[in-house]
Amino acid sequence: MAYKAEYIWIDGTEPTAKLRSKTKILADGDELPIWGFDGSSTNQAPGEQSDCVLRPVKSVPDPIRGGDHVLALCEVLDIDMTPHPTNTRAPLAAVAERYADQEPWFGIEQEYTFLKDGRPYGFPQGGYPAPQGGYYCGVGSDEIYGRDVVEAHMEACIQAGISLSGINAEVMIGQWEFQVGPLGPIEVSDQLWLARWLLYRVGEDFGIAATLDPKPVKGDWNGAGAHTNFSTKAMRESYDAIIAACDALGEKAQEHVANYGADIEHRLTGLHETAPWTEFNYGVSNRGASVRIPWQVAVDKKGYIEDRRPNANCDPYVVTRLITDTVCSPRA
Ligand code: ADP
Ligand code: MN
Ligand code: MN
Ligand code: MN
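What you see is a predicted model, and the numbers here were worked out from it, not measured in a lab.

A few words on the packing of aromatic side chains. Under the definition given, this model contains 9 aromatic pairs. Judged by centre distance (5.2 Å) and plane angle (75 degrees), the ring pair of Tyr-112 and Phe-114 falls under edge-to-face. Given the relative accessible area of 1%, Tyr-112 is considered buried. Ring pairs connect the aromatic residues Tyr-112, Phe-114 and Phe-178, which therefore count as one cluster. Stacked on the ring of Trp-35, the Lys or Arg Lys-22 has its end atom at 3.9 Å from the ring centre. Arg-196 extends its terminal NZ or CZ atom over the ring of Trp-193, reaching a point 4.6 Å from the ring centre.

This part takes up helix H1 (residues 89-98). Along H1, the residues that are buried comprise Arg-89, Leu-92, Val-95 and Ala-96. Projected down its long axis, H1 shows its buried positions confined to an angular sector of 120 degrees, all on one face. Contact partners of the buried residues in H1: strand E4 (51-61), strand E5 (70-77), helix H3 (185-206) and helix H8 (316-328).

Conventions we followed
The residue numbering used here restarts from 1 in each chain and proceeds along that chain's sequence as written. Written order decides the labels, with chains lettered from A and ligands numbered from 1. Per-residue local features of the predicted model are confined to residues with pLDDT of at least 70, and side-chain atom pairs are confined, for both listing and counting, to 80 or more; whole-chain, interface and lining totals are unaffected and use all residues. Water and hydrogen atoms play no part in the side-chain values, which are based on all heavy atoms of the structure. Here a Phe, Tyr or Trp ring, Trp counted by its six-membered ring, pairs with any other such ring whose centre lies within 6.5 Å, and the pair is stacked when the planes are under 30 degrees apart, edge-to-face when over 60, and tilted otherwise. For every residue, the accessible area (1.4 Å probe, protein chains only) is compared with the maximum for its type, and the residue is labelled buried under 20%, exposed over 50%, or partly exposed between those bounds. The rule for a charge over a ring is simple: NZ of Lys or CZ of Arg within 6 Å of the ring centre, and within 35 degrees of the ring normal. Segments assigned H or I by DSSP are reported as helices when at least four residues long, segments assigned E as strands when at least two residues long, and all are numbered from the N terminus. Note that the arc is computed from the directions linking the helix axis to the C-beta atoms. The contact rule is simple, with two residues in contact once any of their heavy atoms fall within 4.5 Å.

Now the structure itself:
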């Protein structure tokens, strides 16, 4: 019996990369081979030297096709087998290995917005729904749009072996969130990219698109983030390590914000549960802070912190690399 492997990779679109995939049919028992694609169609190569290489790095059961079919997340290489410039997984792997002894864990809250007929799902044609207030974790067909897609996506993720920790409806109508983790930096990032692919793919079956646009509606409507919860072994044992992590992030604040997703200045305005992108602060329970220390962590005097700055459209390979490097590297 043949099986189908969906080769999934991240392209070179600027400023925000897109997911691509294509299907390879393999004989029963065959290992996933290295494969290629036309990089000139994905902003990854010029037309006269168009070949790029796909190397599978993680294979999971395909919940869409079922059976023995698989999803194969790939990294992109040049034909000399070195990482392609758009391959952000390779530099993360080096940092993750360097600091593996500190056991960094990440839990990422992926917010996103459903689109139907070219506008956020639930927005009436040419107008606006009732102002925000009742939609977050709401129930009822006047407030909730797209729950059938959310349920199907959640089930697909579970069947694919993705470590979802939950889902919820968000503050803007048609906006939702799922959480992946806690897991190590590479594992959480691989799983988040696969979960994003499944979100788009499941949406096809409902005629509903999803966008990671960090500010899909201008004005008094919440943006979409990817709050990144983080701990090391030391932080899970001591409050001093929690505070040291916050201080380390503060010292590198601008470098982080510049790499946390395109158009971050449109989302981190200081309104709608954000801190301004030009400033850095941290605080217990404060959802207007750059970095929040959950109240339970302040009570227990150990645990994790929440970096609230990453955009929904961030690259988790970049975000987890920066946080791991900044917090785990020795400081003067
Ligand atoms: P919020 O209250 O900000 O909405 P969520 O419940 O949506 O928080 O997400 C919290 C995330 O933090 C989850 O993904 C969870 O797995 C993760 N998390 C919990 N403990 C840790 C930890 N020790 N280190 C890293 N992440 C953690
Ligand atoms: Mn959340
Ligand atoms: Mn949220
Ligand atoms: Mn959060």
